[in-house]
Amino acid sequence: MADDATGTAPTRSEPEFEFTHDTKPSDALLCGFSEFGLAGLTAADFLVDHLELEQTGHVAVEGLPAITPFENGTPRHHTRFFSKPDVDVTVLVGELFVPVSVSGAFSSALGTWLDDNDVQETAVLSGVPVAHGPDGHRTFYIATDDYQEARLEDADVPPMGNGFLDGVNAELLAHGIDSDRRACVYTTPVHAQAPDVEAAIRLVDAVSDVYDLDVDTAPLEAFAAEVAQHYEELSERVQRADDDEQPDDRMYM
């Protein structure tokens, strides 16, 4: 629709993200977002449950279609921070799908919050829907040089060969290249079912080893079964949004 005064289309403003946090976060932030397969989100949610982390903050958004999850009749924020004094990571559980078109605005707001709180590194747990054989059933990393030196020299996690990232994952890594904040994306192939429990287990195993969290993944299948209906409904929403937003030739090799 054209503007009556200028004859030009009105400018669409970017969404605004507001970060709230009650206590200082850890030096390292682990993130799980709503992506196809929900492996990263399932893994992050499981880390919160298994490590008995407490909610210490949340993210609100204006100008973007949002969801309000609820459980047993009680609503909660869609994007939440979890911490614990004796655990050296803060976990971000993001149930809100962030479209590629607004990933820059979200990443910029998150980057400001990370800088304000002196967070030294970010790591994203992520699944990617690519064709793969049995040898592909493992977790790979894409990480900045300083992250590799700090975390991965003795870790049993191989690098992803080549390709490209988009969305929030790409934004966080790009910022890591040009700043002192270390950054990594842990990624593993996912199948169509949601949650992809085996993929989530691989992600949890990888970060448990890298961050010395001593997490037992045996209960993860039961945990995933408990949240299956909720995540199946969320996955359908993410898949519809993902089909609208993502390019057809996303590539990881």
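Please read these numbers as outputs of a predicted model, since none were measured by experiment.

### Quick word on the overall build of the chain
Helix and strand content of the chain: seven helices and ten strands. Burial analysis of the chain (253 residues in total) assigns 53% to the buried set. The contacts in the chain between residues at least 6 apart in sequence include a share of 77% that link residues at least 24 apart. For the chain, the exposed area adds up to about 12800 Å²; of that, 46% sits on carbon and sulfur atoms.

### Quick word on the confidence of the model for the chain
Summarising the model, the chain shows a mean pLDDT of 84, and 80% of its residues fall at 70 or more. Throughout residues 1-6 the model reports pLDDT below 50, and contacts reaching past four residues in sequence, or to other chains, amount to nine contacts. Note on residues 247-253: pLDDT under 50 across the span, and 16 contacts to partners over four residues away in sequence or across chains.

### Details of the packing of aromatic side chains
Counting across every chain of the model gives seven aromatic pairs. Among the aromatic residues, those joined into a cluster by ring pairs are Phe 17, Phe 19, Phe 33, Phe 81, Phe 106 and Trp 113.

### Side note on the pattern of salt bridges
When the charged atoms of two side chains with opposite charge come close together, those side chains can pair. The full count for this structure, using the stated rule, is nine salt bridges. One salt bridge connects Asp 115 with Arg 181, and the closest N-O pair in it is separated by 2.6 Å. Placement of Asp 115 in helix H2 (residues 103-116) and of Arg 181 in the loop between helix H4 (167-177) and strand S10 (182-189) is noted, with a sequence separation of 66 residues between them. Here Arg 138 and Asp 156 are joined by a salt bridge, their closest N and O atoms 3.7 Å apart. Placement of Arg 138 in the loop between strand S8 (121-128) and strand S9 (140-143) and of Asp 156 in the loop between helix H3 (145-152) and H4 is noted, with a sequence separation of 18 residues between them.

### A few points about the pairing of strand S2 (residues 28-33)
Looking along a regular strand, one sees the side chains alternate between the two faces of the sheet. For S2, the tally of buried residues reaches six of six residues, placing the bulk of the element in the interior. The two faces of S2 match: Ala 28, Leu 30 and Gly 32 on one face and Leu 29, Cys 31 and Phe 33 on the other face are all buried. As defined by bridge partners, S2 adjoins S8 across five bridges and the pair is classed as parallel. Counted as the bridge partner of Leu 30 is Ala 123 from S8.

### Describing H2
Relative to the 20 Å expected for 14 residues at 1.5 Å per residue, H2 spans 20 Å between its end C-alpha atoms, a close match to the ideal helical length. Every buried residue of H2 is accounted for by Ser 103, Ala 105, Phe 106, Ser 107, Ala 109, Leu 110, Gly 111, Trp 113 and Leu 114. Summarising the contacts, the buried residues of H2 are in contact with strand S1 (16-21), S2, strand S6 (79-83), S8 and H4. Just downstream of H2, Asp 118 is the residue with a positive phi angle, here 55 degrees.

### Observations regarding the sheet that holds S8
On the basis of which strands lie adjacent, the open sheet formed by eight strands has the order S1-S3-S6-S7-S2-S8-S10-S9 and mixed pairing. Pairing within the sheet leaves two strands with one partner each, and these edge strands are S1 and S9. Neighbour-to-neighbour, the strand axes of the sheet open up by a mean angle of 20 degrees, direction not taken into account. When S8 meets S10, the two strands line up parallel, connected through eight bridges.

### Considerations on the side chain of Ser 34
Mapped onto the fold, Ser 34 is located in the loop between S2 and helix H1 (39-50). In this structure Ser 34 comes out as buried when scored by relative accessible area, which is 4%. Among the polar contacts listed, one links the side chain of Ser 34 to the backbone oxygen of Glu 95, at a separation of 2.7 Å.

Definitions and cut-offs
Residues numbered from 1 in each chain as written. Predicted model: local features only at pLDDT ≥ 70, side-chain atom pairs only at ≥ 80, totals over all residues. Heavy atoms only, no water. Helix = DSSP H or I, 4+ residues; strand = E, 2+ residues; numbered from the N terminus. Buried < 20%, exposed > 50% of the residue type's maximum accessible area, 1.4 Å probe, protein only. Contact = heavy atoms within 4.5 Å. Areas by Shrake-Rupley, 256 points an atom, 1.4 Å probe, with all protein chains shown as cover. pLDDT = per-residue confidence, 0-100. Phe/Tyr/Trp six-rings, centres within 6.5 Å; stacked < 30°, edge-to-face > 60°. Salt bridge = Lys/Arg side-chain N within 4 Å of Asp/Glu carboxyl O. Pairing = 2+ DSSP bridges. Expected span 1.5 Å × (residues − 1). Axes fitted to C-alpha atoms, helices over the stretch in contact; angles between N-to-C directions. Polar contact = N/O pair within 3.5 Å; in protein donor to acceptor, adjacent residues only side chain to side chain.

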